[in-house]
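The lines below spell out each chain.
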Number of protein chains: 2
Amino acid sequence: MTNQPRLFGAIEAGGTKFVVAIGNERGEILERERFPTADPASTLAATHAFLRHRGKALGALESIGVASFGPVELDKASPRYGCIGHTPKAGWSGTDMMGGLAREFRCPIGFELDVNAAALAEYRWGAARDVDHLVYLTIGTGIGGGVIIGGAPIHGLMHPEIGHIYPRRHALDLGFEGVCPFHGDCLEGLASGPAILARTGAELRQLDATHPQWEIEADYLGQLCAQLVLTVSPRRIVVGGGVMSSPRLLSLIRPRLQHWLGGYIERGEVHASVDGYVVAPQFGDNAGVLGALALAMDAAAQT
Amino acid sequence: MTNQPRLFGAIEAGGTKFVVAIGNERGEILERERFPTADPASTLAATHAFLRHRGKALGALESIGVASFGPVELDKASPRYGCIGHTPKAGWSGTDMMGGLAREFRCPIGFELDVNAAALAEYRWGAARDVDHLVYLTIGTGIGGGVIIGGAPIHGLMHPEIGHIYPRRHALDLGFEGVCPFHGDCLEGLASGPAILARTGAELRQLDATHPQWEIEADYLGQLCAQLVLTVSPRRIVVGGGVMSSPRLLSLIRPRLQHWLGGYIERGEVHASVDGYVVAPQFGDNAGVLGALALAMDAAAQT
């Protein structure tokens, strides 16, 4: 008699792309597919089809994890648990991300905000596996953050929306109005990829090292890290996303974090050892789908 | 045979005053004494003397809770657990707040940051007893905040230091440099009692309702609440402290919170029902010592 390997479904439901995968309990992805996010019906149909056909080939799925773009309803007591809230993404407001999966696959389904799931992956297997209190940030088309406290993602009124805090404006950036459709010059409006593009016509990594945009970006992200130290007091901050693809940016953020803390937080982690406090993710673009795999494993363990 | 009533010691160790009390398991204070915070040796000696003499009169103390001004070491694995960190309060840096109590009273000692303890009291018995995810703010000589998630205060790198975030400057307040010795115009430097006094020569409640300081103060505190919604996503924000002694201020803060959120957080709690989202504490000045009592009860339960 042989032991069947345990298999889990993992869905990273992003605003621009879906990644659907089947993985094992060692956090390894065995098969994956990615496709652009279209309308909900056809996108979810493609998701189901992958899990149905590949799952049939590999073996039965024990559970499925969904890491979804937000806003999402995370309150299990709510009738809208597992649904997407009001989103500018056309057609997706109110979409039920779990119901169809539960009906077809009849297995436990784990559900989380995408950045909370990515935080979970880095916490369980990656750049924050030695701490149980961390923030995962993604700086890309938007700015988002997942917060894990005591090993579990924060769920409160809803979930953190860290990208929409208001940093103080940088002295070299006073004329830019910002690109956030809700807030104009909130952090996402000032420091996301589209904000950099709107100012400079380029991506950050394409700009000369002396271009002031580097300093402006590092200052805004340093303020973000400082705000997080002062409000949720993480033991590590993991910063990923497309804008971070130049490693130089991380080294510019750290001194700005220290500047904004003003010597007030006396912890070696944010001073002498700041290189180990604000860090790059281990999994890069894979954090989301690995987070979905972790959610699936947790959902299986809880039943 | 009669049941002895259970008795607990409670110490609110503030930067300007100590409150020492003996309470019961119903959250009732039976005896209390308050005295100004002097040097550590004489202040702690007075604290011990109260507990020793009044405890002898009432019965043995089952445990003691300490709610201390910060910064404090909350990591039980640290050799400095229970000690005050570097503080501008002369003579108190490094003071061990627990060791002497443990040696003399030989009972479990609970220890927390003062604002975390106050949050715990409002969570257990007060204005937030129906939610398990809240922030407690105190706006007074300084600005501090305690955060409770899943029923437990946040301990991370250290503890939140919410008073030192940087709000955007109000248009009517651009000339004021702020009073925080660390940061100048951080929130505490702009919106604490001493900041109001430095600008106007008066306390807020003494100023005419048309004085621009009302609008400035409400805007800064509305920004604070917005930052908290976006980072820790509490289900309620309880706002106390001397500056809040005029109930009018709370009603001015709520619309500023909504302004800074810009319609992004779609939860009835922060819109239609905002009166129930940003609220006054139930216990006012007593939250700290009641929090210490709750800490004592928790310490007894954990042994």
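Basis of the calculations
- Residues numbered from 1 in each chain as written.
- Chains lettered and ligands numbered in written order.
- Predicted model: local features only at pLDDT ≥ 70, side-chain atom pairs only at ≥ 80, totals over all residues.
- Heavy atoms only, no water.
- Phe/Tyr/Trp six-rings, centres within 6.5 Å; stacked < 30°, edge-to-face > 60°.
- Helix = DSSP H or I, 4+ residues; strand = E, 2+ residues; numbered from the N terminus.
- Buried < 20%, exposed > 50% of the residue type's maximum accessible area, 1.4 Å probe, protein only.
- Least-squares fit on C-alpha atoms with pLDDT ≥ 70 in both.
- Contact = heavy atoms within 4.5 Å.
- Buried area = accessible area lost by both parts, 1.4 Å probe.
- Salt bridge = Lys/Arg side-chain N within 4 Å of Asp/Glu carboxyl O.
- Polar contact = N/O pair within 3.5 Å; in protein donor to acceptor, adjacent residues only side chain to side chain.
- Nonpolar A, V, L, I, M, F, W, Y, C, P; charged D, E, K, R; others polar.
- Pairing = 2+ DSSP bridges.
- Axes fitted to C-alpha atoms, helices over the stretch in contact; angles between N-to-C directions.
- Domains from an automatic or database assignment.
- Core = buried A, V, L, I, M, F, W, Y, C linked by side-chain atoms within 4.5 Å.
- pLDDT = per-residue confidence, 0-100.

A. Spatial organisation of the packing of aromatic side chains. Tallied over the entire structure, the rule returns 10 aromatic pairs over all chains. Centroid distance A:Phe18 to A:Trp92: 5.8 Å. Interplanar angle 40°. Geometry classified as tilted. Note that A:Phe18 is positioned in strand 2 (residues 17-23) and A:Trp92 in the loop between strand 4 (63-68) and helix 2 (99-105), a separation of 74 residues in sequence. Of the two residues, A:Phe18 and A:Trp92, both sit in the buried class. Measuring from centroid to centroid gives 4.8 Å for A:Tyr166 and B:Trp260, while their planes differ by 85°, and the two rings are edge-to-face. A residue pair is termed interchain when its members come from two chains, as with A:Tyr166 in the loop between strand 8 (152-153) and helix 4 (187-191) and B:Trp260 in helix 7 (residues 248-261).

B. Inspection of the relation of the copies chain B and chain A at higher detail. At an RMSD of 0.1 Å, chain B and chain A line up after a rotation of 180° and a shift of 0.0 Å along the axis. The transformation just described matches what one would write down for a two-fold rotation axis. Scanning chain B for the C-alpha nearest the rotation axis identifies B:Arg168, at a separation of 2.9 Å. Take the interface residues of chain B: 100% of them recur as interface residues in chain A, which is what a same-surface contact looks like.

C. Layout of the interface of chain B and chain A. Between chain B and chain A, the residue contacts involve 45 residues of the former and 45 residues of the latter. With both chains or domains summed, chain B and chain A bury close to 4200 Å², and 56% of this area falls on carbon and sulfur atoms. The residue A:Asp185 makes a salt bridge to B:Arg168 at a minimum N-O spacing of 3.0 Å. Run the count over chain B and chain A and you get 22 residue pairs in polar contact (both at pLDDT 80 or more). Those elements that place two or more of their residues in the side of chain B that touches chain A are strand 7 (143-149), helix 6 (212-231) and helix 7 of chain B. Per-element tally for the side of chain B that touches chain A: the top contributor is helix 6 of chain B, with four residues. Considering only residue class, the side of chain B that touches chain A consists of 23 nonpolar, 12 polar and 10 charged.

D. Inspection of the sheet that holds strand 5 (residues 109-113) of chain B at higher detail. Residues and elements named next belong to chain B. Strand order across the open sheet formed by five strands is 3-2-1-4-5, with mixed pairing between neighbours. Lying at the two open borders of the sheet, with one neighbouring strand each, are strand 3 (29-36) and strand 5. Neighbouring strand axes in the sheet, compared pairwise and without regard to direction, differ in orientation by 15° on average. The pairing of strand 1 (residues 8-13) with strand 2 (residues 17-23) spans six bridges and is classified as antiparallel. Across the sheet, the residue bridging to phenylalanine 8 is glycine 23, located in strand 2.

E. Representation of the domain arrangement of chain A in the model. Residues and elements named next belong to chain A. When cut into domains, chain A gives domain 1 (7-113 + 288-301) and domain 2 (127-281). Computed over C-alpha atoms, the centres of domain 1 and domain 2 are 28 Å apart. The partner domain 2 presents six residues to the five residues of domain 1 that form the contact. Buried area between domain 1 and domain 2, both sides added, is near 540 Å², and the carbon and sulfur share of it is 68%. When residues of domain 1 are sorted by the area they lose upon contact with domain 2, Leu74, Glu112 and Leu113 head the list and together hold 59% of the total. One can count zero salt bridges joining domain 1 with domain 2. There are two residue pairs in polar contact (both at pLDDT 80 or more) connecting domain 1 and domain 2. Grouping the constituent residues of the side of domain 1 that touches domain 2 by class yields four nonpolar, no polar and one charged.

F. Here's a closer look at unusual backbone geometry. For the bond from A:Gly70 to A:Pro71, the omega torsion is 0°, close enough to zero to count as cis. Counting through the fold element by element, A:Pro71 comes out in the loop between strand 4 and helix 2. Of note in the backbone geometry, A:Ser233 takes a positive phi value of approximately 50° without being a glycine. Position of A:Ser233 relative to the elements: it lies in the loop between helix 6 (212-231) and strand 9 (236-240). What makes A:Ser233 buried here is its relative accessible area of 1%. Phi at B:Arg106 takes a positive value of approximately 45°, unusual for a residue other than glycine.

G. Broad picture of the nonpolar core. Counting 98 residues, the largest nonpolar core has A:Leu137 and B:Leu137 as the members making the most contacts within it. Beyond its immediate chain neighbours, meaning those up to four positions away, B:Leu137 contacts B:Gly144, B:Gly145, B:Ile162, B:Leu224, B:Cys225, B:Leu228, B:Ile237, B:Val238, B:Val239 and B:Gly240.

H. The environment of B:Phe35, seen in detail. All names here are of chain B. Within the secondary structure layout, phenylalanine 35 lies in strand 3. Separated by 255 residues in the primary sequence, phenylalanine 35 and leucine 290 place their C-alpha atoms 17 Å from one another. The contacts of phenylalanine 35, once residues within four sequence positions are left out, are Lys17, Phe18, Val20, Thr43, Ala46 and Thr47.

I. Inspection of the sheet that holds strand 6 (residues 133-139) of chain A at higher detail. Residue and element names in this part refer to chain A. Spatially, 8-7-6-9-10 is the arrangement adopted by the five strands of the open sheet, whose pairing is mixed. Where the open sheet ends on each side, the last strands, each with one partner, are strand 8 and strand 10 (278-279). Note: strand 6 against strand 7 (residues 143-149), seven bridges, orientation antiparallel. Bridging from a neighbouring strand, tyrosine 136 pairs with glycine 146 of strand 7. This element, helix 3 (residues 114-124), spans strand 6, strand 7, strand 8 and strand 9 of the sheet and lies at about 50° to strand 7.

J. The arrangement of the pairing of strand 1 of chain B in detail. Residues and elements named next belong to chain B. Where burial is concerned, most of strand 1 is hidden: six out of the six residues are buried. In strand 1, alternate side chains face the same way, and those of Phe8, Ala10 and Glu12 on one face and Gly9, Ile11 and Ala13 on the other are all buried. The hairpin turn running from strand 1 into strand 2, its antiparallel successor, is three residues long. Note that strand 1 and strand 4 (residues 63-68) share six bridges and pair parallel. Note on strand 4: the bridge partner recorded for phenylalanine 8 is serine 63.

K. Structural view of the confidence of the model for chain A. Here chain A averages 92 in pLDDT, and 96% of its residues register 70 or above. Predicted complex metrics record ipTM = 0.90 and pTM = 0.92.

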